[in-house]
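Structure at a glance
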Amino acid sequence: MSVLDVKDLTIHIGDTKSPAHAVDSVSLHIERGEVVALVGESGSGKTLTGLAIAGLLDPPLRRVGGEITLLGEDLSALPERQLRRRRGDRLAMVFQDPMATLNPVLRIETQLVETIRAHRNVGRSAARDEALAMLDEVGITFPAQRLRAYPHELSGGMRQRVAIAAALINQPALLIADEPTTALDVTLQAQILALIDQYRRDHGTAVLWITHDLGVAAGFADRVLVMYAGQIVESGPCARVLHAPAHPYTAALLGAIPGSVPPGTPLATLPGQPPSLSPPPEGCRFRARCPRAEAACIAAPPQVAAGEARTVRCFFPLVTPP
Amino acid sequence: MSRRGWFSLILLAALLLAALLAPWLASQNPYDLATLDILDARLPPGSAALDHGGTYWLGTDAQGRDMLSAMLYGLRISLTVGVLSTLLALTAGVVLGLLAAWHGRWVDALIMRVVDIQLSFPAILLALVLLALTGPGVSKIVLALLAAQWAYYARTARSAALVECQKDYVAAARLLRLPTWRILLRHVLPNCLPTLLTVAALQLAAAISLEATLSFLGLGLPVTEPSLGLLIANGFQYLLSGRYWISVFPGLLLVVVLTSCNLLADALRQRADPREAGR
Amino acid sequence: MNEPLFHARNISQSYILANGWRQRRSTLQALDDVSLALHAGEAVGIVGESGSGKSTLARIIAGLLPPTAGERFWQGQRLPDGPRDGIQMVFQDAASALNPRARVAELIAEAPRIHGLITGDESDFVATQLSRVGLDPQLAQRYPHQLSGGQRARVGIARALAVKPQLLVCDEAVAALDVLIQAQILNLLQQLRRELGLTLLFISHDLGVVRHLCERVVVMHHGRIVETAAAGQLVGLPQASLSRS
């Protein structure tokens, strides 16, 4: 049984007459202990997908279709507000800005203890011990002192660790992480990645890692899903996708990373910008920028297999299916 | 802008128009004693004039003055004083606030300590003292209100400008070696304006009500130029003898003026605050 | 070796953190005796963690911040505090670096107009500057919020180049951009550098970006320069060198 199973998730933004089709028929599943990276540029719909799974969509964002199954229970029939409660301790989310999770006027101890007691019937001192152990587990030095601190007294990296501790403290089956390391230094980023990697090995937590950085996905995720203009255009095991991308867009993303070409030579780029999604363009959404586009691309390409456990949404993939 | 914002703006515009057109809207000139008839004194609303065919829709006061005409002229004076003092105080406060934010150090310390001292006096006390020294008059009450209110604007302008000066577009303007006055007036000030206009709308209400208070106390404007506050004061002695209209109608008009200013301020604040923009 | 275009000598910067009543006076040493020479036409990268002092150094070099100690030299001449003609900066957050209430045309033309650098028609001038950074001249009448992130970054570059600087300081200029747009901007900077003979000081936390663009890399840590090397020689070093103390 998958921890998370999403089928045909569709999200619209704005009024019903001319909404932006921000997320279009996104399907994905995550197994126990698996790390799946959802990669895309800003505006690709990756964050909205994460928010929808967490039940955090607010108007003008609307989930207009799709099934979300968490631990075998179909939650999509429930209205958003109830969804949030049902998901509660099975799912947790960390954001780019840890202050989105932390309350600036409460001590760390209060926040962690209340998070525990909101979901489980645990005594105050037992909850405090748990909070202490959790801070230790996410690599915070002098955890007893940090418990007494307010968020503003901690450094950025420390704050993100506390936010992660708050997310993991009820042992969720699924952790959704939306760019939690983007604002951090390279070294801190590596530490946080290592920390979450270790945690999911110990506890079997499934992780959906949302990022714009293929480099982060490369060293960390089991599988990668690449989003473009609201659709998943490629998916597959991380190493194989990054080594031999099937979709021209994935190839373009990889070619744009400094280091992919000798210093001083121009990086490969794409012309133009992602298309407007209200309404989305006919046919392949990547067509206008694609170096391999042909007349056939006026029709919408289906998601097809591209090698073992891989899919691609393209008529002319760079990797031919076996 | 919200519907409430437009409503308050239209209401305020209508009041301004009524004040501007007072000489043409009013049936008599309330300051011209020759047009007053003492026999028409203290008539209730809707009474007919004794010698000519006119109707006193809102009654008359103790001198036989048509209340509606007196209120239109009173509104004119109240708004003139309020708008004029607000504009002057806004200008003075913005100049000082921007200077404090830009220079920092001792300039900031000096200006802001004066502001602190100023704001620790109740505005009405300061205005009372100044008017006691200068005597009544439109220009004198405008000066008194200016003295009582510039500090609010200086403090608001400084804090808004400090936020803007931290932003990189100001650093970029400095690197481009634009003249300081140009950076302040063309770059910093326009980005502070939403906050300042909100405060100005609130302070306009405060200025009008302060003027009304001073006039009610007999310190603001001379009896020959009655503002709304003075009209309320004139009717005050008759309030308990059943002749309510002499005080109540100018009072209601004052309430409408102040409410529309406050509503406008609220709408401006919502517009300036992105957190409320979507509501 | 010939005279450097720009030379910062023994720059130190400290901030007073607490100096209140009955509080112990404590200072933060943001920069500690940093010296850096930039030769004409060279591209130098500064890498370091946040808090390493690299952004502070950028602002001091540009003249936005007077250093607590140390001196700046321009072609051998000592510079007074404050900005100077010939040094411009490109900022990280293009949204905050562009006045939200000014149109693109005004953002680009304002300073050149005041300094008398525009000969001929102003709209032609703006169109030339926009085309140079790969923007459609039609965008001149837009406001910053009507532009995409990549377009804003280009406007920021166009504004800096419109006053013909010799030294361009880029403070995390591509850090907030998606990788495809980042690649476009890096290509643009490289092309402009060649065309205009610019000297480039490129500050970034991303060693890959710096290595791609610069010939020489300076590594900063805790307010000091801990390593200076040709970009090629840093290639073999692990990223952990950033955190070495």
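This report concerns the structure included in the present document. These numbers come from a predicted model, not from an experiment.

On to the packing of aromatic side chains, then. The tally for this structure, following the rule as stated, stands at 6 aromatic pairs over all chains. Ring geometry for A:Tyr228 and A:Phe286: centres 5.0 Å apart, planes at 80°, overall edge-to-face. Of this pair, A:Tyr228 sits in strand 9 (residues 223–228) while A:Phe286 sits in the loop between helix 10 (248–255) and strand 11 (304–305); the two residues are 58 residues apart in sequence, bridging distant segments of the chain. Classification of A:Tyr228 as buried rests on a relative accessible area of 2%. Seen from their ring centres, C:Phe6 and C:Trp74 are 6.5 Å apart, and the 65° between their planes marks the pair as edge-to-face. Of this pair, C:Phe6 sits in strand 1 (residues 6–18) while C:Trp74 sits in strand 4 (residues 69–74), and the two are 68 residues apart along the sequence. Three or more aromatic residues link up through ring pairs in this structure, and these residues are A:Tyr228, A:Tyr249 and A:Phe286. It is C:Arg9 that lies over the ring of C:Phe73; its NZ or CZ is 4.4 Å from the centre.

This part covers the packing of helix 3 (residues 104–114) of chain C against helix 4 (residues 122–132) of chain C. Residue and element names in this part refer to chain C. Across the interface, helix 3 lies against helix 4 with an axial gap of 10 Å and an inter-helix angle of 110°. Viewed along their axes, helix 3 and helix 4 adopt a mutual orientation that is roughly perpendicular. Note on element contacts: helix 4 touches helix 3 through Glu122, Phe125, Val126, Gln129 and Leu130, opposite Val104, Ala105, Ile108, Ala109, Pro112 and Arg113. Looking at the contact of helix 3 with helix 4, its residues break down into 8 nonpolar, 1 polar and 2 charged.

So, on to the state of the cysteines. Tallied over the entire structure, the rule returns 0 disulfides over all chains. Cysteine B:Cys165 is unpaired, with the sulfur of B:Cys192 as its nearest cysteine sulfur at 7.5 Å.

Bringing unusual backbone geometry into the picture now. Note the cis peptide between A:Ser278 and A:Pro279, where omega equals -5°. By the element assignment, A:Pro279 lies in the loop between helix 10 and strand 11. Backbone geometry places C:His222, a non-glycine residue, at a positive phi of 50°. Inspection of the secondary structure assignment puts C:His222 in the loop between strand 9 (216–221) and strand 10 (224–230).

What follows is about the sheet that holds strand 3 (residues 43–47) of chain C. Residues and elements named next belong to chain C. Spatially, the 6 strands line up as an open sheet ordered 6-7-8-3-9-10, and their pairing is mixed. Two strands in the sheet have a free side with no partner beyond their single neighbour: strand 6 (87–90) and strand 10. When strand polarity is set aside, the average angle formed by the axes of neighbouring strands in this sheet is 20°. Pairing between strand 3 and strand 9: 4 bridges, direction parallel. Across the sheet, residue isoleucine 46 finds its bridge partner in strand 9, namely valine 218. Those strands touched by helix 1 (residues 54–62) are strand 3, strand 6, strand 7 (167–171), strand 8 (199–204) and strand 9, and its axis lies near 145° from that of strand 6.

Definitions and cut-offs
- Residues numbered from 1 in each chain as written.
- Chains lettered and ligands numbered in written order.
- Predicted model: local features only at pLDDT ≥ 70, side-chain atom pairs only at ≥ 80, totals over all residues.
- Heavy atoms only, no water.
- Phe/Tyr/Trp six-rings, centres within 6.5 Å; stacked < 30°, edge-to-face > 60°.
- Helix = DSSP H or I, 4+ residues; strand = E, 2+ residues; numbered from the N terminus.
- Buried < 20%, exposed > 50% of the residue type's maximum accessible area, 1.4 Å probe, protein only.
- Lys NZ or Arg CZ within 6 Å of the ring centre and 35° of its normal.
- Axes fitted to C-alpha atoms, helices over the stretch in contact; angles between N-to-C directions.
- Parallel < 35°, antiparallel > 145°, perpendicular 65-115°, else oblique.
- Contact = heavy atoms within 4.5 Å.
- Nonpolar A, V, L, I, M, F, W, Y, C, P; charged D, E, K, R; others polar.
- Disulfide = S-S within 2.5 Å.
- Pairing = 2+ DSSP bridges.

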